[in-house]
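Observations on the three-dimensional arrangement
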Amino acid sequence: MFNYNIKYTVENTYENPVFEAFWQYLVIPLNNETQQLISSEFKTSVDSRIEKSINGYNFETARIHCKKPFESIQFEAVFKVVKTEAAPLKNIENLNDEDDFKALNDLDFKIDFYSYLNGTSLTTLPEQYSGIYLFDTTKSVIENVKLLNAWVYTHLYYKTEVTAVDTSLAEIIEKRHGVCQDFTHLFCAIARKNKVPARYVSGYLHQGNGFFGDSQMHAWVEVFVPHMGWIGFDPTNNILTDHNHIKVSHGKDYNDCAPLKGVLYSTGENQTKYEVEVTYQQ
Amino acid sequence: MEPTNFKHLFSSYDSNENLFDEIFDKDQNVRQVYKKIFELYNGHSIDDFVNLNNKAKTFFFNQGITFQVYNDTKPKEKIFPFDLFPRIIDAEEWKTIERGVLQRCKALNAFIHDIYHDKNIIKAGLVPMELIGSSANYLTQMVDLDPVAGIYNHISGTDLIKHSDGKYYVLEDNIRCPSGVSYVIYNRNALKRSLFGVFNHYEIQPVVDYSENLLEMMESVKPKGVDVPTCVIITPGVFNSAYYEHSFLAKTMGIELVEGRDLLVENDFVYMKTINGLKKVDVIYRRIDDGFLDPLEFRKDSAIGVPGLFAAYKKGNVTLVNAPGTGVADDKAIYTYMPEIIKFYLGEKPILNNVHTYHCSRPTDLKYVLENIPNLVVKPVDEAGGYGISIGNKLTKAEVEAVKKVILENPRKYIAQPIMSLSVHATYIDECQSFEQRHVDLRTFTLLGRDKEFVLKGGLTRVALQKGNLIVNSSQGGGSKDTWVLKK
């Protein structure tokens, strides 16, 4: 059992007063087989209620509707989460590799996983790189995905503030650097190109172990391996996901998982500062 | 043989053997249903029609019945061109049309449900998955979501033409935000004002009951637990080309016309801001495209939507008419599969014909299209209003090459159909002050609700005002006619 305290804070400041604003935060940890959300608390510096709602992809969101003018706003969310140790991957050696690839080519399989088999604007390999990484069909799917994880990790260098949410995959592949989100997009694009369903996961990473990706929300991949199910890979750190990964949501790419979406009525520049703190409690 | 009924008003009327003329048969005799009106019209002089035409124009102008044309510079407000000669459809013929469009709308509804649930038609190998998934109108957010009474395409507009073989063919199914129904009602009004006398000679089905049926349909799909639903229409605003229609429908249904900023979502319920405070809204006829409905769920740059609307919809607290994601079946590439779709869900043979459609994402179709452009109409799958259409026999050699190039750049985006010869109908032409042949089509309006089906007995007959032109969309300079469905 691992007890975590997660603090997500964001501060927005505006050049001119904001008259009305809506925000939607997709930051609440999920309840699933390996993690349990014990408590969540929300606070804002403005006098507005916080509503919870379910978004189009069935994830819980927190929403604020601010009707009074303001020039800056702070939002803070604190979560307590208990994680259990992820079960180790079983029977990898006993898998029949051929069956594995046959399953990927089954029509019903392709239909059921369609959303995670096709590229989006952020996860489509550019034409000139379409063959950048091809799976070896003499090996099992899980073996291939592990190798891909290592390949993405070595192909890109972790570097902050050189890419943005809309940086194209072509630029990321060429310049060979980026943050967790870029690692994840590249991984998804290649897995999908090789007919393996892959989804973008947004969540928190426990920072204590010197992993890349701290102080912001983290991103990793879940891959659907036939006969095994969805399995998490963290290409930014070249590991399988474990108890240090606390999941919030998944989708086709970053756009489905953006932690913060909002609409506001104002003019001029604005600044956003946000921070994530994950602490481990004995 | 000297044609018997060909008199002065129609003296300069062309005839073309290759086209189906709605009024005259092959021997130049007036068809039975038109006999009386032909006689009546011939009792007037051309000067009368010049006067009447001006009167009708003034009526449309004074009523503010206009539409906007978008082009490269700035939008232009135009009076909707209305024609004095009505189109007449006899009761028997109408029965077939009505059964046919209902069949299509029901099959499409079942299809949309299926592709957001079990995807049986795809698993059966009848419709390729790529076509659905790659459609810009497929909304993953709609997967497994069940709209009230299972209805997606509450309001459909089906475009039909009559080919030279005298049979009706469906050109398109419009199930996003089909517009034009207000013109149907105003065309009837305008004709009654101009030539009231002609209505004494025919028993015509009314069109004025559309709004009450629309409201009844909207109320039939109210959310669970609501007693008397509050219904509204949401419009993108006064700059939308169909704003006139939005306000017309709201006015005739006696419900509010709202914009995004008039609505507010709290705790997943939708409210309308009124001078008496907030009022809960239960059914929204939305004339806003999917992507703009909710900036928190779809396009974040939408300034015309309502933040949080989709979550309220998903929870079943409000009904959206038509359902988001319905446009996936509106995609012209899906049209190719309509005969299979009807057979698969209804176990019936299609009542109305489909125009053979080549889809450029299929290699054999693509090859055929590239080699036969001069004989085909090429259309983008996801545009509306007649934009982006190329008609093969009107293209120069250079233009043919240009069309080939755009198809090859993105084959998924294009379909092609044989050039259908739309039937022609006598139409009063302003510039030459006489009646001439012009191509026409017909848009029908169908409503589906809980235990409710309704097809407006009439429809919008659109006229291509330029001689020989086949594009009838009002945004491309088309006009329209009052359309009569006879009672017997």
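Structure: see above.
Calculation rules
- Residues numbered from 1 in each chain as written.
- Chains lettered and ligands numbered in written order.
- Predicted model: local features only at pLDDT ≥ 70, side-chain atom pairs only at ≥ 80, totals over all residues.
- Heavy atoms only, no water.
- Pairing = 2+ DSSP bridges.
- Helix = DSSP H or I, 4+ residues; strand = E, 2+ residues; numbered from the N terminus.
- Contact = heavy atoms within 4.5 Å.
- Buried area = accessible area lost by both parts, 1.4 Å probe.
- Salt bridge = Lys/Arg side-chain N within 4 Å of Asp/Glu carboxyl O.
- Polar contact = N/O pair within 3.5 Å; in protein donor to acceptor, adjacent residues only side chain to side chain.
- Nonpolar A, V, L, I, M, F, W, Y, C, P; charged D, E, K, R; others polar.
- Buried < 20%, exposed > 50% of the residue type's maximum accessible area, 1.4 Å probe, protein only.
- 1 Å grid on protein atoms, 1.4 Å probe; cavity = no way out; pocket = protein on both sides within 12 Å on 5 of 7 lines; lining within 4 Å.
- Points joined across faces, edges and corners; volume = space filled by probe spheres on them.
- Axes fitted to C-alpha atoms, helices over the stretch in contact; angles between N-to-C directions.
- Parallel < 35°, antiparallel > 145°, perpendicular 65-115°, else oblique.
- Core = buried A, V, L, I, M, F, W, Y, C linked by side-chain atoms within 4.5 Å.

Residues and elements named next belong to chain B. In terms of strand pairing, strand 9 (residues 269-274) meets strand 10 (residues 277-280) through 4 bridges, oriented antiparallel. Among the inter-strand pairings, threonine 274 is bridged to a residue of strand 10, identified as glycine 277. The antiparallel pairing of strand 9 with strand 10 creates a hairpin that spans 2 residues between the two strands.

Now for the interface of chain B and chain A. Taken together, the contact pairs 22 residues of chain B with 24 residues of chain A. Between chain B and chain A, a total of about 2200 Å² is buried, with carbon and sulfur atoms accounting for 54% of that surface. By the criterion of area lost to chain A, the three top residues of chain B are Lys123, Leu296 and Lys314 of chain B, representing 28% of everything that side buries. For the interface between chain B and chain A, the tally reads 3 salt bridges. A salt bridge links aspartate 112 of chain A to lysine 123 of chain B; the shortest N-O distance between them is 3.1 Å. Counting every contact that joins chain B to chain A gives 8 residue pairs in polar contact (both at pLDDT 80 or more). Within the residue set of the side of chain B that touches chain A, elements represented by two or more residues are helix 4 (120-123), helix 5 (129-133), strand 8 (263-266) and helix 9 (309-314) of chain B. For the side of chain B that touches chain A, a count of residues per class yields 9 nonpolar, 6 polar and 7 charged.

Residue and element names in this part refer to chain B. For serine 390, the position within the fold is in strand 16 (residues 390-391). Given the relative accessible area of 16%, serine 390 is considered buried. Contacts of serine 390, omitting those with residues within four sequence positions, involve Leu376, Val377, Val378, Leu395 and Val403.

The next thing to look at is empty space enclosed by the protein. According to the stated counting rule, one finds 3 cavities of 30 Å³ or more in the structure shown. If you add up the space inside the largest cavity, you get close to 80 Å³. Lining the largest cavity, in full, are Gln24, Leu26, Asn55, Tyr57, Thr61, Asn255, Asp256, Ala258 and Lys261 of chain A together with Leu296 and Glu297 of chain B. By residue class, the composition of the lining of the largest cavity is 4 nonpolar, 4 polar and 3 charged.

Right, let's talk about helix 7 (residues 210-220) of chain B for a bit. In terms of burial, helix 7 of chain B is largely enclosed, as 8 of its 11 residues are buried. Along helix 7 of chain B, the residues that are buried comprise Tyr210, Ser211, Asn213, Leu214, Leu215, Met217, Met218 and Ser220 of chain B.

The subject of this paragraph is the sheet that holds strand 8 of chain B. Residue and element names in this part refer to chain B. Reading across from one edge, 8-9-10 is the order of the 3 strands in this open sheet, with antiparallel pairing throughout. Each end of this open sheet is capped by a strand with a single partner; those strands are strand 8 and strand 10. The average angle at which neighbouring strand axes cross in this sheet is 40 degrees, direction not considered.

Attention shifts here to the packing of helix 6 (residues 181-194) of chain B against helix 8 (residues 243-253) of chain B. Two quantities define a packed helix pair, namely the angle between the helix axes and the distance between the axes. Residue and element names in this part refer to chain B. Close contact between helix 6 and helix 8 brings their axes to 9 Å; oriented N to C, the two are set at 75 degrees. Considering the angle they form, helix 6 stands roughly perpendicular to helix 8. Facing helix 6, whose interface residues are Val181, Ser182, Tyr183, Ile185 and Tyr186, helix 8 presents Tyr244, Glu245, Phe248 and Leu249. The class makeup of the residues in the contact of helix 6 with helix 8 is 7 nonpolar, 1 polar and 1 charged.

With that settled, the discussion passes to the nonpolar core. Grouped together as the largest cluster of nonpolar side chains are 86 residues, with contacts concentrated most on Tyr41, Tyr210 and Leu214 of chain B. The element contributing the most residues to this core is helix 6 of chain B, with 7 residues. Once you skip the residues sitting within four places of it in the chain, tyrosine 41 of chain B turns out to touch Leu9, Phe49, Leu84, Phe85, Pro86, Leu191, Leu195, Val198 and Phe435 of chain B. Grouped together as the second largest cluster of nonpolar side chains are 50 residues, Tyr114 of chain A together with Phe111, Leu131 and Leu309 of chain B included.

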